[in-house]
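Per-entry structural report
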Amino acid sequence: MLLSTFISKPDSVSAIMLKVLLALLPGIALYVWYYGPAILVSITLASITALATEAAMLKLRDRPVKPFLSDNSALLTAWLLALSIPPLAPWWLVVVGTAFAISVAKHLYGGLGNNPFNPAMIGYAVLIISFPSHMTHWLSPHGLGQVELSFADQLAYIFGGHLPSGIKLDAVTTATPLDTLKTQLQLDRPVKEILGMPIYGALAGKGSEMVALGYILGGAYLLFKRIITWHIPAAFLGTLLVTAGIFHLIDPGHYAAPLFHLTAGAAMLGAFFILTDPISGPTTPKGKLIFAAGAGFLTYVIRVFGGFPDGVAFATLLMNICVPLIDAYTQPPVFGKKDGGAK
Amino acid sequence: MRTLYQFHGGVHPPTNKTQSTRTPIAPAPLPGKLVIPFHQHVGNMARPLVKAGNRVLKGQLIGMPEDGVSSAVHASTSGTISAIGMAVVAHASGLPDLCATLIPDGQEEWVTHEGMAYRTAAGADVRLALRLAGVVGLGGAVFPSDLKLRSGKHKIKSLVLNGAECEPYITCDDMLMRERAAEIIRGAEIMRFMLDAEEVLIGIEDNKPEAIAAMQLAAAASDDKMEVIVVPTIYPSGGAKQLMRILTGIEIAAGVRSTEKGMQCFNVATALSIYRALQFGEPLLSRIVTVTGNVRNAQNFEVLIGAPVNELVALADPLPDTNLYIMGGPMMGVPLPSAQVSVVKATNCIIAASDKLFPPPPPALPCIRCTRCAEACPADLQPQELFWFAQSKNFGKAQEYSLFDCIECGACSYVCPSHIPLVQYYRFAKSEIRALEHEQAAADLARERYEFRQSRIERDKQEKAEKLAQKEMTALAARQSAATPEAAADNSAQLRIQAAVEHAREQAAAARPKNIDTLTPRQQAEIAEIEARRAKAREMAHPDAGQPKE
């Protein structure tokens, strides 16, 4: 019986997910520009793993494979995870993280639409807890490493674990700008001096700050296409800015400037691509503000006072836990039942 | 310049209206047979006044309105009643209803009729005249208009005339306003007079410039305070509550009457039929129907009530791949059970549908909580939550999240990227809740009866015991000529029991479910329809199960 609407807006889950993937391209392009093509290898690896895991899980769960495999959601998880881990990571790190994200964080909770946690961030959390050392060796941006690996050398390391003879891993990789800041602060150096180190650029890390700008570009596209609303990026970045600003005002020698925090690490990726995941996020406008503000605050706290190099992933997961509660308490009033009912 | 307000949400589906506005309204030729249902309006079915074999005149009353909410039914032309019996009617349930079959004689011989002096007659008489003329809301609700024209205890400030016609494909109101604006305005004047309203606000979407111009011209000629207000094209601006919100900024919550906020809303076509009924004594015998969709010549026709849909659509030349006819628009319309059904007062549009015109949606994916539905909802609901609760049959939660405020406009289904038929889930949940409450009410009644019976048995027992005791006591008193009766204590025990029974009864009354207790007649009719649909659905689901036990 056809009793619902006979027409529908030409839109689909796969089209939405595809637009988000497209929005990641400027950031990825800048990534390649500054760090070389290794990231494309991990994105490809993650994509293949995600699709294979998705297909296998759908088969196991006795669900139709084709409509779900073509919804592009597994690809998006794969890309976000790949962008969150060091590009020069061994192949199995990407595979393990992605397979865990898709199989456990997504399908064991019921598949598309039912996962309470952001699968990519679960994958990241598993990797950073299980393989912390592999998660800290980030490629140095162009011109900063002692030596620069050719693409063939990068492939050899990713798949074989061997660097060209005479080159040590430390020579081609570095800690992230956030990580470096944290360890240097422990040596009682002032922020200003630390940020003068060659890995830092105008705002945050050399290279990574430009990638962050690429993500902003993609985020603007998502806002323009109305895939996301302004609530989450604005509340997340706003809270991060204000929190960082307060600490910076208290002690500029010990706490980096707010703009540093906005462009360092995964802040922009989180603001436009990770926290905006609708499935694991809240649904009401007010809820989105609370959710993102909480994530912004937690990100700062974990970054500055916690033990992990970045806080976005854990802040996201912690706020994911709160989503049902936030939704329940932020239901907007319905038609005619607002204050006064008029205007 | 008037300030216009916005309602939350809304969608912009392709309007597809120009196909059917290229030619003027054409009178549909007299069909070979008319099948006129006795129940075309909200409320009680009209009582048949004719028998098979009777000759009837055009405009003759053949269905008498019953008490309460009801309306009259007339012979749409002169001819002979060939049968009174059950026939499938234009309703999604596909269930048959009582109809009169009329074979026209082609004479179009009118019953004697004349207008009335509605400005000097008593209000009750004018309303009775409308009731007997079978005038009901032609915007789709088919609620008897006379009941909305009482100037009740609330002062009516604005009479709102709804010419928004927001649903795609439908153009019957548009064409009516272009061609008969003056008569619509006359009708509006009558309604304003009956309601003693201060002003008449006529809302028309800005995609109907010709209608706006015609209505402005006609309104300017009126002595009443009338204003044609051009509203932006956005679905569902033609929902009565949404239009009133746009025009006045006032929102009317579910379950609240618009008169409480000083407003009453009518469709433009209803205004015209009120004018015809009171000025000329012409009952509602025909209406304008848009025939469009998968046809070569989409057009509006003036169609007699009871004319078969298949003869009507033939006039528009449907394409061969047409496989379904929809009554109404593509957002809220219902599929007709067959093309053999007849046009009724609620038939504003017939869309010939094909798989090419309305491709079947791809299989639904799970909800990804993207909240496009919430952004589109004109009732400010959270459709994704309601869907979740309806799907998991968590009806208590669904009601907590205002399920019954849903107007079933379909905006959520329209925007859903997962192609979930959301409205269908809400209809399902609503009908399940009503069914449960009916069962609850029945169970409450049974329990009440049982408890009453128990208390009666108890009382009888006590009375017997008392009598016995009294007898013994009198005997004792007779013997001892002195008595210390314990009747007083006994009596107080009985009082306590009575009080307890009373209390239980009060509690049961207080706990009666609210969704079926304070229903408007329209809701009652809706429930009846839904019940019918449920029955049909059950039947389809279990064809061999036979009669469901209820």
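Per chain, residue numbering runs from 1 following the sequence as it is written. Working convention: letters from A go to chains and numbers from 1 go to ligands, in the order in which they are written. For a predicted model such as this one, the threshold for reporting local features is a pLDDT of at least 70, and the threshold for listing and counting side-chain atom pairs is 80 or more; totals across whole chains, interfaces and linings nevertheless cover every residue. Just so you know, side-chain values use all the structure's heavy atoms and leave hydrogens and water out.

What follows deals with the overall build of chain A. Tallying secondary structure elements over chain A gives 16 helices and two strands in all. This radius of gyration counts C-alpha atoms alone. The globule rule is 2.2 Å times how many residues there are, raised to the power 0.38. Against the globule reference of 20 Å for 343 residues, chain A gives a C-alpha radius of gyration of 21 Å, in line with a compact fold. If one aligns the C-alpha atoms of chain A with their principal axes, the spans along those axes are about 70 × 50 × 30 Å. The cut-offs for exposure are 20% and 50% of the maximum accessible area for each residue type, with area from a 1.4 Å probe on protein chains only; residues under the lower value are buried, those over the upper are exposed, and the others partly exposed. Counting only residues that meet the buried cut, chain A has 54% of its 343 residues in that class. Here a residue-residue contact requires only that any non-hydrogen atoms of the pair lie within 4.5 Å. Pairs at least 24 apart in sequence give 76% of the contacts found in chain A among residues at least 6 apart. The sign given to each residue is positive for Lys and Arg and negative for Asp and Glu; His and the chain ends receive no count. Charge positions are represented by NZ for Lys, CZ for Arg, CG for Asp and CD for Glu. Looking at chain A, you have 20 positive and 16 negative side-chain charges, and the mean spots of the two groups are 12 Å apart. The helix and strand labels rest on DSSP assignments: H or I over at least four residues marks a helix, E over at least two residues marks a strand, and numbering proceeds from the N terminus.

When helices and strands are tallied, chain B shows 13 helices and 17 strands. Principal axes of the C-alpha set define a box for chain B whose edges measure 105 × 60 × 55 Å. Taking all 550 residues of chain B together, the buried fraction comes to 51%. Within chain B, contacts between residues at least 6 apart in sequence are counted, and of these 74% link residues at least 24 apart. Areas reported as accessible are Shrake-Rupley estimates using a 1.4 Å probe. Residue values count occlusion only from the protein chains shown. Here chain B displays about 24,900 Å² of accessible surface, and carbon together with sulfur accounts for 53% of that area.

Across the contact, 58 residues belong to chain B and 44 residues belong to chain A. Summed over both partners, the interface of chain B with chain A buries about 4,200 Å², with 60% contributed by carbon and sulfur atoms. In terms of surface lost to chain A, no three residues of chain B exceed Glu251(B), Ile368(B) and Arg369(B), which account for 17% of the buried area on that side. By definition here, a salt bridge exists when the distance from a side-chain nitrogen of Lys or Arg to a carboxyl oxygen of Asp or Glu is within 4 Å. The closest approach of N and O atoms between Asp11(A) and Arg372(B), which form a salt bridge, is 3.6 Å. Two N or O atoms count as a polar contact when they lie within 3.5 Å, although within protein this holds only if one can serve as hydrogen donor and the other as acceptor, and sequence-adjacent residues are included solely when both atoms are side-chain atoms. Linking chain B with chain A are 12 residue pairs in polar contact (both at pLDDT 80 or more). Of all the elements in the fold, those that place two or more residues in the side of chain B that touches chain A are α4 (240–248), β15 (324–327), α7 (372–376), α8 (383–391), α10 (411–415), α11 (422–480) and α13 (521–541) of chain B. Three classes are used, and their members are as follows: Ala, Val, Leu, Ile, Met, Phe, Trp, Tyr, Cys and Pro are nonpolar, Asp, Glu, Lys and Arg are charged, and the others, Gly among them, are polar. Its residues assigned to classes, the side of chain B that touches chain A comprises 32 nonpolar, 14 polar and 12 charged. Accessible area that two parts lose when put together, evaluated with a 1.4 Å probe and summed over both, is termed the buried area.

Residue types Ala, Val, Leu, Ile, Met, Phe, Trp, Tyr and Cys, when buried and joined through side-chain atoms within 4.5 Å, form a set referred to as a nonpolar core. In this structure, Ile62(B), Leu161(B), Ile184(B), Ile202(B) and Met215(B) are the most contacted members of the largest nonpolar core, which totals 108 residues. For this core, the leading source of residues is helix α2 (residues 172–195) of chain B, giving 12 residues. Segmentation of the chain into domains, including their bounds, is taken from an automatic or database domain assignment. Here this core spans two domains, since at least three of its residues come from each of domain 1 (18–27 + 123–353) and domain 2 (365–476) of chain B. Beyond its immediate stretch of four places on either side in the chain, Ile62(B) contacts Ile36(B), Phe38(B), Arg47(B), Pro48(B), Leu49(B), Val50(B), Val56(B), Val73(B), His74(B), Ala75(B) and Ala100(B). Formed by 92 residues, the second largest nonpolar core is a distinct cluster that contains Trp79(A), Met135(A), Ala235(A) and Phe272(A).

Our focus in this paragraph is the pairing of strand β14 (residues 299–304) of chain B. Residues and elements named next belong to chain B. The element β14 is largely enclosed, with a buried count of five among its six residues. By this definition, two strands are paired if DSSP reports at least two bridges between them. In this structure, strand β1 (residues 26–27) lies alongside β14, joined through two bridges in parallel fashion. Each residue of the ladder has a partner; that of Ala-26, found in β14, is Phe-301. As paired elements, strand β13 (residues 286–293) and β14 share six bridges and run antiparallel to each other. Bridge assignment links Thr-290 to a residue of β14, and that residue is Asn-300.

So, on to the domain arrangement of chain B. Residues and elements named next belong to chain B. Examined at the domain level, chain B breaks down into domain 1 (18–27 + 123–353) and domain 2 (365–476). Across the contact, six residues belong to domain 1 and nine residues belong to domain 2. Across the interface of domain 1 and domain 2, roughly 650 Å² is buried in total on both sides, 62% from carbon and sulfur atoms. By the criterion of area lost to domain 2, the three top residues of domain 1 are Gln-242, Met-331 and Met-332, representing 55% of everything that side buries. Run the count over domain 1 and domain 2 and you get zero salt bridges. Here domain 1 and domain 2 share two residue pairs in polar contact (both at pLDDT 80 or more) between them. Residue composition of the side of domain 1 that touches domain 2, by class: five nonpolar, one polar and no charged.

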